[in-house]
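Examining the three-dimensional arrangement
Here's the letter readout for the chains.
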Amino acid sequence: MGGNAVILTIGAAVVLTAAGELVASPMLALLKTPENIVAGSLTYLRVMIGGLTVITFYNLEASLLRALGDGRSPLIAMVIASCTNIGLDLLFVMGFRLGIAGAAVATLMAQGISCIYCFVVLRRVLDSELRETQTTNYFSVL
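Residues numbered from 1 in each chain as written. Predicted model: local features only at pLDDT ≥ 70, side-chain atom pairs only at ≥ 80, totals over all residues. Heavy atoms only, no water.

1. Quick word on helix H3 (residues 52–67)
Here H3 contains 16 residues, and its C-alpha end-to-end distance of 22 Å stays within 8% of the 22 Å for a straight helix at 1.5 Å per residue. Listed in full, the buried residues belonging to H3 are Leu52, Thr56, Phe57, Tyr58, Leu60, Glu61, Ala62, Leu64 and Leu65. Looking one or two residues beyond H3, the residue adopting positive phi is Gly69, at roughly 90°. (Helix = DSSP H or I, 4+ residues; strand = E, 2+ residues; numbered from the N terminus. Expected span 1.5 Å × (residues − 1). Buried < 20%, exposed > 50% of the residue type's maximum accessible area, 1.4 Å probe, protein only.)

2. Concerning the packing of H3 against helix H4 (residues 72–95)
H4 packs onto H3 with a crossing angle of 145° between their chain directions and a minimal axis gap of 8 Å. Every residue of H4 that contacts H3 at Tyr58, Ala62, Leu65 and Arg66 is listed here: Ser73, Pro74, Ala77 and Met78. In the contact of H3 with H4, the residues fall into 6 nonpolar, 1 polar and 1 charged. (Axes fitted to C-alpha atoms, helices over the stretch in contact; angles between N-to-C directions. Contact = heavy atoms within 4.5 Å. Nonpolar A, V, L, I, M, F, W, Y, C, P; charged D, E, K, R; others polar.)

3. Side note on the side chain of Asn85
You can see Asn85 is positioned in helix H4. With relative accessibility at 18%, the residue Asn85 sits in the buried group. Here Asn85 is in contact with Ala106, Thr107 and Ala110, once residues within four sequence places are set aside.

4. Here we look at the nonpolar core
Core analysis: the biggest nonpolar cluster contains 11 residues, these being Phe57, Tyr58, Leu60, Ala62, Leu64, Leu65, Ala77, Cys115, Cys118, Val121 and Leu122. Among the elements of the structure, H3 and helix H5 (99–141) are those that each provide at least two residues to this core. The biggest single contributor to this core is H3, with 6 residues. Residues contacting Tyr58, with those up to four places away along its chain left out, are Arg66, Pro74, Ala77, Met78, Gln111, Ser114, Cys115 and Cys118. Core analysis: the second largest hydrophobic core is formed by 5 residues, Ala24, Leu42, Ile49 and Leu52 among them. (Core = buried A, V, L, I, M, F, W, Y, C linked by side-chain atoms within 4.5 Å.)

5. Some details on the side chain of Glu61
Relative to the helices and strands, Glu61 resides in helix H3. For the buried Glu61, no salt bridge is present, and the opposite-charge side chain at shortest range is Arg123, 10 Å distant. In this structure Glu61 touches Cys115, Cys118, Phe119 and Leu122, once residues within four positions along its chain are discounted. (Lys, Arg positive; Asp, Glu negative; His and termini not counted. Salt bridge = Lys/Arg side-chain N within 4 Å of Asp/Glu carboxyl O.)

6. Overview of the packing of aromatic side chains
Applying the stated criterion across every chain yields a total of 1 aromatic pair. Measuring from ring centre to ring centre gives 5.8 Å for Phe92 and Phe96, while their planes differ by 25°; the resulting arrangement is stacked. (Phe/Tyr/Trp six-rings, centres within 6.5 Å; stacked < 30°, edge-to-face > 60°.)

7. Section: the confidence of the model for the protein
Summary statistics for the protein give a mean pLDDT of 92 and a share of 92% for residues scoring 70 or more. Predicted confidence for residues 138–142 stays below pLDDT 50, and this span has 0 contacts to residues more than four positions away or in other chains. (pLDDT = per-residue confidence, 0-100.)

8. Here's the deal with helix H1 (residues 3–30)
Between the first and last C-alpha of H1 there are 38 Å, a value that for 28 residues agrees with the 40 Å anticipated at 1.5 Å per step. Remark: the principal bend of H1, roughly 50°, maps to Val23, with a proline, Pro26, within the next four residues. Listing the buried residues of H1 in full gives Thr9, Ala13, Thr17, Gly20, Ala24 and Leu28. Turning to H1, the residues buried within the fold contact helix H2 (35–50) and H3. At the C-terminal side of H1, Lys32 shows a positive phi close to 55°. (Bend = angle between axes of the 7 residues up to and from the residue.)

In structure tokens:
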């Protein structure tokens, strides 16, 4: 289950990352971003674009969980990510003084945690469904 979706997700992440890196600067110019914030905006964009793989995999896992009837786990993952993001923002921006790059890295790390959470839940759901199917098939043979 999901083999084609994983391949599509990887492909989309690679294409979007490459395209995002190519259009980041021109996009800021097109949006008429004030000169005094262009450098920070570009830093944030580049860090976030670099982490698109994590974001796309979270979206894949959350979609698979919802398709399996579990809409609660993706919500829990987002709550965990939001709380983690707040804590990491405070640590990286105020504690380590990493500024805009720190905020972007904190966001990606929080998304990574939500991705891992959804992966673990998805594995449990799929493992339990597999055991249930094997048991059902075993008894149907008898």
